[in-house]
Amino acid sequence: MSTAWKLTAFAPRAVIEAALIAHEDAFDWDPDMVLSGSEIAEDNPDDWRLEVWLPHKPGKAEKAAVVALFADKAPPLEVEELPETDWVTESQQGLEPIRAGKFHVHTPEHAPLARRGVRDFTIPASRAFGTGQHATTAGCLAMLTHMKREGVIVRNLADIGTGTGLLAFAALDLWPRALATASDIDDVCIGVVDDNAALNGIPLGAAPGAVTMVVADGMAHPVLQVRGPYDLLIANILAGPLIELAPDFADALVPGGHLLLAGLLETQEAQVRAACRRAGLRLAARLVNGDWSILWLRKRQGARVRTTRPGQLPDWSRRW
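Residues numbered from 1 in each chain as written. Predicted model: local features only at pLDDT ≥ 70, side-chain atom pairs only at ≥ 80, totals over all residues. Heavy atoms only, no water.

J.: Help me get a handle on the sheet that holds strand S14 (residues 292-299), residues and values and all.
T.: Read across the sheet, seven strands follow the order S10-S9-S8-S11-S12-S14-S13 without closing on themselves; strand pairing throughout is mixed. Strand pairing shows two members of the sheet lacking a second neighbour, strand S10 (211-215) and strand S13 (281-289), which therefore form its edges. When the angles between neighbouring strand axes are averaged without regard to direction, this sheet yields 15 degrees. Across six bridges, the pairing between strand S11 (residues 230-236) and strand S12 (residues 253-265) is parallel. Following the sheet pairing, Ile-234 is matched in S12 by Leu-260. In the packing of helix H4 (residues 135-149) onto the sheet, contacts are made with S11, S12, S13 and S14, and the angle to S14 comes to roughly 35 degrees. Of the strands in this sheet, strand S8 (156-160), S11, S12, S13 and S14 are in contact with helix H8 (residues 239-252), which crosses S12 at around 170 degrees. (Pairing = 2+ DSSP bridges. Helix = DSSP H or I, 4+ residues; strand = E, 2+ residues; numbered from the N terminus. Axes fitted to C-alpha atoms, helices over the stretch in contact; angles between N-to-C directions. Contact = heavy atoms within 4.5 Å.)

Here it is, written out as structure tokens:
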């Protein structure tokens, strides 16, 4: 049981989306402050709210950090003390199962579909982000299914920024004899991936058909480097890191290899695709799920990898 607080700001969609982008660029952001942006009601899609959850009463510093996300005059902040609640139980009960591609993702409180042709994954919502409820994760599951149906062959894959391990598990389900590597910058994900792998019957290890987990910042890890090059890279992270890592992704792919990107708003797609073009990657397919873009790109044969230079992209995407 724990007490939490919430800051809420109401503004037009464009203003809230700009604040979300600014949050990506806030290096000193307190990780205990969890931020979310969403529309208030389906019949008013341009009216949005920014919500920030904290484990303690917000002071001047916390309020100033939120205000700083707005380029112009910040909207008023509403401060709310949330009732003492078992947030783990609440989060589990509030997440309905989803279907995306051939996959059904649910928390332990919900039953699997147990339907032929559908792969059930049980991902406890309390353990980390990436249960599939987020539009980017669901979009990746749908795109992976589409890639398989289009005849993509994968013998060696890596999921960068894996979180719960879900996308690595899904890719291994589609290509069960592939080498699979999962990485995340947060070492807490090691235990999360281990537990989720056991819960879903996913082997761990270095052999084909198993997942190897490492803690890494981007592609900077000896295991990621020695296990490459890859047929498929998956990165469901943020737009800024996707832009910075585009040349590293291209270097790590075989000619004709596949790159699945997510975590970018549709408004950020042009900048991410521009960085990928400079790195020798071309668009194969895209889908939009809510406000989020999911991109399937391929490395051109004989492509010359170029890094995006300062001045080629907006300020928010350069400072990573």
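J.: How would you explain the nonpolar core if you had to name every residue and give the values?
T.: In terms of nonpolar packing, the biggest core is built from 40 residues, with Phe-121, Leu-141, Leu-144, Met-147, Trp-175 and Leu-232 touching the most fellow members. Broken down by element, this core gets its largest block of residues, eight residues, from helix H5 (residues 166-174). In this structure, Leu-141 is in contact with Ala-100, Gly-101, Phe-103, Val-105, Leu-166, Leu-167 and Ala-170, ignoring residues within four places of it in sequence. In this structure, Ala-158, Val-272, Cys-276 and Leu-281 belong to the second largest nonpolar core, which totals 28 residues. (Core = buried A, V, L, I, M, F, W, Y, C linked by side-chain atoms within 4.5 Å. Buried < 20%, exposed > 50% of the residue type's maximum accessible area, 1.4 Å probe, protein only.)

J.: Outline unusual backbone geometry, listing residues and values.
T.: Backbone torsion omega between Gly-228 and Pro-229 reads 0 degrees, so that peptide bond is classified as cis. Non-glycine residue Ala-114 carries a positive phi angle of around 50 degrees. Mapped onto the fold, Ala-114 is located in the loop between strand S6 (103-106) and strand S7 (119-122).

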